[in-house]
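# A closer look at the structure
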Amino acid sequence: MADDARDSTSSGSEADTGQSEAAGEVETELSRDMSLADVTFIGVGAMIGAGVFALTGFAAGLAGPALTLAFLLNGFVATFTAVSYAELGAAFPEAGGGYLWVKEALVDPNGFYAGWMSWFAHAVACSLYAITFGTFLLELIHYAGYLPAREEILLFGFITGSLLEKLFAVLMVALFAYINYRGAEETGTAGIIVTVIKVIVLGIFVGFGILATVNSPNWTGKFLNSPEFAPAGLFGIVGAMGFTYIAFEGYEIIVQSGEEVVNPGTNIPKAVFYSMVIVVPIYILVAFASIGGIEVTQDLVQQGGLGGQQQVYTWELLGELGELGIIEAAGQFVPFGVPLLLFAGLAATMSALNATVYSSSRVSFAMGRDRALPAMFKRINPDKRTPDVAIFLSAVLIAIMAVALPIEAVAASADIMFILLFVQVNWTVIRMRQTHPDLPRTYTVPFMPWPPLIGIFLQFLLTPFLIYTLGLEFVGIGTSNHGLIALVTTTVWMGLGLAIYYGYSKQQEAEQLEEETPTIISERTPSEAEQQLVVPIANPENATQLMRTAVDIVEDRGGEILVMSVVTVPQQTPISQGRQFITDEREVLNEAMEIAEAEDIPVSGTIRIGHDVAQAILNTIDQYGSEGVLMGWKGQHKSQRRDIVLGSNVDTVAQEANADVLVERLGPDATGAAETVLLPTAGGPHAEFAAEIASAIADSDNSRVDIVHVVDPDADETERRNAQEQLASTKDYVSDAGEITTRVIEGDDVVETIVEESEGYDITIVGATREGLLNQLTFGSVPEEIGWNAKSTVLMAKRNLGITSLLNRWL
């Protein structure tokens, strides 16, 4: 795990007292003096951290001799996430990591859950290292002759060996929490020294282990005849992969160092891949040396509780010895192997303890600063200038996990949380290709979106296998419910997070939204309307037509209109300085509102300031709980980038708004009147919504709505009958027009047929189509192609489908 972890969220001064952006005119950044070799070494040190000492024995019990294959496959699986970290780390060369990327690209509660899971994952990983430290320290004391074996300890009549290990773990957590409170961090030099010690000791272990293996009579039988290479089959291999997956997350530590790396766009991706190439063989060799080098002795059989078995295999013995498996193996074939491995393990666990206490507390501190957690988490001690409450509460969480759960369940819980975080990062790299198309990507994931999608699939595959395997008979060594404990622990934590998000964090968003895009001018009148339609006005030339459409909709469906305008300022300009950029927005706003007032429609107006137009619109929708938004689209030239379908602002709002979305592209002859309406339909909730809008717009006695359905010229009778039924169903949603007709029309190409049909109509209204998950278009290809090519005004409609739309926004 991350021995040298320094969580992304702590970048910048911890003594921040909440001063406004206007006060900060000097940007602080870290000096870039870390070379490719330096950052690669950090990744290697993180990936061969305390986990290799703690988990190798357990994993051998799960996979048997196939542990070597499990480590190889784990490297393969981790590569699909590593490429995502390489692209995002090179594009964002700053202290950050998965939490900040998810916050940037995915809608809430993804950002909240990224931090919530990251906090728990680091805390649980810290519990794992604390428990391992306690076990190693007790074993070292026993080796020195000051205490009997763990199973024989009984101090003061009630302190057993297991309880003593837990006490050591809690004391070390308290010690490192105090060290972090005092502000003392592990220095970079000390971290490098610890990593060098680990690499040297593991090198000695592997060398002597391979020598002992090849010198052992019939050593191949330990791998091929025990009783077989993979005793638990696929379940055992994949279960071991999931159980040890925490060891392969060190590439997050590499990207967190991006702010200090020379030429990060090139060196960060290289460091990610170089560290993987170095570390995977080390893990395979450690597994090989452990299983092949150890010999089954009567003392170890009794120590492992296997005295009742007639035949004991080396991998069984390692599995039952657990975190002491690699230590006992070293005691057989490495000179002074037990104290050597124990000292190395203690150094590794202390290094990891310090790093994870630091990182877990900084995640919770950052969430408090972001208002995702209560304000006490962001409290800075005035004397020590450290987040004392966040450190204390993180230490309490770590200690509870260390005391309450067995080490296998702790490791599995941490694995599950990191897997879920990595799934979010993989999805983020896909989303950022759309939401952040102009990022300076010096490294790009090839064959997008398949590598991150494969990574998501494989990591989801690991989780149930991990839980199921740990819940089965432990490969013939007694029963275990560790998988169930890990699953329940994870579920409880996720459920608690959901309650906190909707019970607290989301309630804080309104205040934060107002700060991010503050209201400069508000012409809001009290209204009892239950529904609100937001109409952003950017182009005064389109304001009249947009407002007439909004008036028709609200007049028919009820509610009020909120007209808004956004004043944007550059990212480097503080929000508070944006008022000076207001020019004609107030006049445009008043003219738009007069159109609604002339029709006695309740209307309000607001001008907001922000760095991003789309985000300001989304903030307004969320802050006021608006049910719909109507935007204008000028129809950019077809040569524009096709991953920006309608325009970046319209795309973003249409995809992420928690509201019904209407986008109107004005035709060259738009006059505001809608006497003739073309309504293509293919069924579905969006088509029904489009029919409702058509009914609202064409509500005069002289209006006509023509509902059409396109079929192939070679369509059979069944298809034509289905088309007629579709038309009849859609007609039920159109009630106010003077005349309503339905027609089945033939055409080889749906878009060309509708575009040709739209000539002569005042407006064409089309609902969004249901596209595949990988389709990056906003409304679906058919409506957007109609919008691009139609000669008249086009109105695209997309209904908010509640939980379905929520899941789509999350993804």
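Preceding block: the structure.
Notes on the structure follow.

Rules used throughout
Residues numbered from 1 in each chain as written. Predicted model: local features only at pLDDT ≥ 70, side-chain atom pairs only at ≥ 80, totals over all residues. Heavy atoms only, no water. Phe/Tyr/Trp six-rings, centres within 6.5 Å; stacked < 30°, edge-to-face > 60°. Patch = residues over 30% accessible without salt bridge, like charges linked within 9 Å, V, L, I, M, F, W, Y side chains within 5 Å. Areas by Shrake-Rupley, 256 points an atom, 1.4 Å probe, with all protein chains shown as cover. Salt bridge = Lys/Arg side-chain N within 4 Å of Asp/Glu carboxyl O. Lys, Arg positive; Asp, Glu negative; His and termini not counted. Charge placed at Lys NZ, Arg CZ, Asp CG, Glu CD. Helix = DSSP H or I, 4+ residues; strand = E, 2+ residues; numbered from the N terminus. Buried < 20%, exposed > 50% of the residue type's maximum accessible area, 1.4 Å probe, protein only. Axes fitted to C-alpha atoms, helices over the stretch in contact; angles between N-to-C directions. Parallel < 35°, antiparallel > 145°, perpendicular 65-115°, else oblique. Left-handed = near helix turned anticlockwise from the far one by under 90°. Nonpolar A, V, L, I, M, F, W, Y, C, P; charged D, E, K, R; others polar. Pairing = 2+ DSSP bridges. Core = buried A, V, L, I, M, F, W, Y, C linked by side-chain atoms within 4.5 Å. Contact = heavy atoms within 4.5 Å. Right-handed = clockwise from strand over helix to strand, strands pointing away.

Here the focus is the packing of aromatic side chains. As enumerated under the stated definition, the model contains 23 aromatic pairs in all. By the ring-pair criterion, three or more aromatic residues cluster together here, those being Phe 112, Tyr 113, Trp 116, Trp 119, Phe 120, Phe 377, Trp 493, Tyr 501 and Tyr 502.

This part is about a negative patch on the surface. A surface patch of negative charge is lined by Asp 712, Asp 714, Asp 716, Glu 717, Glu 719, Asp 748, Asp 749, Glu 752, Glu 756 and Glu 759. Among the secondary structure elements, those contributing two or more residues to the negative patch are α25 (717-731) and α26 (750-758). Following the sequence through the fold, Asp 716 ends up in the loop between β10 (704-711) and α25. Using a relative accessible area of 42% as the deciding quantity, one classes Asp 716 as partly exposed.

All right, on to the packing of helix α5 (residues 110-143) against helix α15 (residues 337-369) then. The N-to-C vectors of α5 and α15 enclose an angle of 155 degrees; their axes lie 8 Å apart at closest approach. Looking at the two axes, α5 sits roughly antiparallel to α15. Viewed along their axes, α5 and α15 form a crossing whose handedness is left-handed. In terms of residue class, the contact of α5 with α15 is made up of 23 nonpolar, 10 polar and one charged.

Quick look at the pairing of strand β9 (residues 676-680) now. Side chains on a regular strand alternate between the two faces of the sheet. The buried fraction of β9 amounts to five of the five residues, a majority that puts the element mostly inside the structure. Here β9 shows two buried faces, one formed by Thr 676, Leu 678 and Pro 680 and the other by Val 677 and Leu 679. The sheet contact formed by β9 and β10 spans five bridges and is parallel. If you follow Leu 679 over to β10, its bridge partner there is Ile 707.

What follows covers the nonpolar core. Of all hydrophobic cores here, the largest spans 151 residues; its most connected members are Leu 67, Phe 205, Tyr 251 and Leu 353. When residues in this core are grouped by element, the largest group, 19 residues, is from α5. Look past the residues within four positions of Phe 205 in its chain and what remains in contact with it is Val 286, Ala 289, Ser 290, Ile 326, Ala 329, Ala 330, Phe 333, Val 334 and Leu 341. Val 569, Ala 596, Ile 609 and Val 734 belong to the second-largest nonpolar core, a separate cluster that totals 43 residues.

The next thing to look at is a nonpolar patch on the surface. Together, Phe 41, Val 196, Ile 200, Ile 204, Phe 208, Leu 211 and Val 214 line one region of the surface with nonpolar side chains, adding up to about 540 Å² of accessible area. In terms of residues, the nonpolar patch owes the most to one element, helix α7 (residues 188-214), which gives six residues. Tracing the sequence through the fold places Ile 200 in helix α7.

Turning our attention to unusual backbone geometry. Note the cis peptide between Met 448 and Pro 449, where omega equals 0 degrees. You will see that Asn 263, though not glycine, has its phi angle at about 50 degrees, which is positive.

The next thing to look at is the pairing of strand β5 (residues 560-568). Counted residue by residue, β5 has eight buried out of nine residues, so it is predominantly covered. Relative to β5, strand β4 (residues 532-536) runs parallel, the two sharing five bridges. In the sheet register, Pro 536 faces β5, and the bridge partner there is Met 564. Following the chain from β4 across helix α20 (residues 540-557) to the adjacent parallel β5, one finds a crossover that is right-handed. As judged from the eight bridges shared by β5 and strand β6 (residues 603-610), these two strands associate in the parallel manner. By the bridge assignment for β6, Ile 561 is matched with Val 603.

Here Gln 303 is to be found in helix α12 (residues 298-303). Beyond its immediate chain neighbours, meaning those up to four positions away, Gln 303 contacts Glu 151, Leu 321, Leu 324 and Glu 328.

In this section: the pattern of salt bridges. Counted under the stated rule, the structure contains nine salt bridges. In this structure, Asp 388 engages Arg 379 in a salt bridge whose closest nitrogen and oxygen atoms are separated by 2.6 Å. Classification of Asp 388 as buried rests on a relative accessible area of 12%. Overall, the relative accessible area of 41% leaves Arg 379 in the partly exposed class. Across the salt bridge formed by Arg 743 and Glu 757, the nearest N and O atoms sit 2.7 Å from each other.

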